[in-house]
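# A closer look at the structure
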Amino acid sequence: MAAVLTTACQESLEERCAREAKEYTEKHCPIPVAKDIVMDSMTFDKASHTITYAYTLRGELDDSAVVNGVNSRELLLTQVKNSANLRQYKEAGYSFRYVYHSKKDKGTKLFDTTFKEKDYR
């Protein structure tokens, strides 16, 4: 038990982020997050310090014109700025990437944006 506690205490923020992203994906994904939006995965890239959220859109949202026509980037940026859950990662200067794919046209990327520290500070 002591070895487990010692290891956990020595876990870096990078290691913790990678572990939590993997665990969240394994336990919860795919998971509906809103009407016609399913979260497929959350990953962490240590080299770029980027947390990526991957989603699939279906129904009325499964259209690049719709996704790009509703100020998606600004709405997501507001969520990043206001998220208490991301506080520790924002303080560390991590980036947050959001990728939305089409359900009807598998493999088609409808929207992809990344927020860096300069965007949310």
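So, here is what we can say about the structure in this document. (Residues numbered from 1 in each chain as written. Predicted model: local features only at pLDDT ≥ 70, side-chain atom pairs only at ≥ 80, totals over all residues. Heavy atoms only, no water.)

## Overview of the pairing of strand S5 (residues 109–115)
In terms of strand pairing, strand S4 (residues 95–102) meets S5 through 6 bridges, oriented antiparallel. Its bridge partner being in S5, Val-99 is matched across the sheet by Asp-112. Hairpin connection, S4 to S5: the antiparallel pair is bridged by 6 residues, and Gly-107 has positive phi, about 90 degrees. (Pairing = 2+ DSSP bridges. Helix = DSSP H or I, 4+ residues; strand = E, 2+ residues; numbered from the N terminus.)

## Observations concerning the packing of aromatic side chains
As enumerated under the stated definition, the model contains 7 aromatic pairs in all. By way of ring pairs, the aromatic residues Phe-44, Tyr-89 and Tyr-94 are connected into one cluster. (Phe/Tyr/Trp six-rings, centres within 6.5 Å; stacked < 30°, edge-to-face > 60°.)

## Some details on the pattern of salt bridges
Pairing between side chains becomes possible if they bear opposite charge and their charged atoms approach one another. Under the definition given, this model contains 11 salt bridges. Here Asp-119 ties to Arg-73 by a salt bridge, and the two come within 3.7 Å at their closest N and O atoms. Within this pair, whereas Asp-119 is found in helix H6 (residues 117–120), its partner Arg-73 is found in helix H4 (residues 72–82), the two being separated by 46 residues in sequence. Its relative accessible area of 19% is what places Asp-119 among the buried residues. Each of Glu-11, Arg-19 and Glu-23 takes part in a single network of salt bridges with overlapping partners. (Salt bridge = Lys/Arg side-chain N within 4 Å of Asp/Glu carboxyl O. Buried < 20%, exposed > 50% of the residue type's maximum accessible area, 1.4 Å probe, protein only.)

## Quick notes on the nonpolar core
If you look at the biggest cluster of nonpolar residues, it comprises 25 residues, and the most contacted ones within it are Ile-51, Tyr-53, Phe-96, Tyr-98 and Tyr-100. Secondary structure elements with two or more residues in this core: helix H2 (13–28), strand S2 (37–45), strand S3 (50–57), H4, S4 and S5. With sequence-adjacent residues up to four places away left out, Phe-96 is seen in contact with Ile-51, Tyr-53, Val-80, Leu-86, Tyr-89, Lys-90, Thr-113, Thr-114, Phe-115 and Tyr-120. (Core = buried A, V, L, I, M, F, W, Y, C linked by side-chain atoms within 4.5 Å. Contact = heavy atoms within 4.5 Å.)

## Regarding H4
Three- or four-residue spacings in an α-helix give side chains the same orientation, since the helix completes a turn every 3.6 residues. The complete set of buried residues in H4 reads Ser-72, Leu-76, Leu-77 and Val-80. Down the axis, H4 shows its buried residues gathered within 125 degrees of arc, on one side only. Exposed side chains of H4 directed beyond 90 degrees from the buried face belong to Leu-75 and Asn-82. Looking at the buried positions of H4, the neighbouring elements they touch are helix H3 (64–68), helix H5 (87–91), S4, S5 and H6. (Arc of directions from axis to C-beta.)

## Let's talk about the side chain of Ser-95
With respect to the helices and strands, Ser-95 occurs in strand S4. Among all residues touching Ser-95, those that are not within four sequence positions of it are His-49, Thr-50, Ile-51, Thr-114, Phe-115 and Lys-116.

## Some words on the sheet that holds strand S1 (residues 31–34)
If you walk across this open sheet you meet the 5 strands as S1-S2-S3-S4-S5, and the pairing is mixed. Pairing within the sheet leaves two strands with one partner each, and these edge strands are S1 and S5. Here the strands of the sheet are splayed against their neighbours by 30 degrees on average, with no regard to which way each runs. Pairing of S1 with S2, which is carried by 3 bridges, proceeds in the antiparallel orientation. Bridge assignment links Pro-32 to a residue of S2, and that residue is Val-38. Packing against the sheet, H4 makes contact with S4 and S5, and its axis sits at approximately 40 degrees to S5. (Axes fitted to C-alpha atoms, helices over the stretch in contact; angles between N-to-C directions.)

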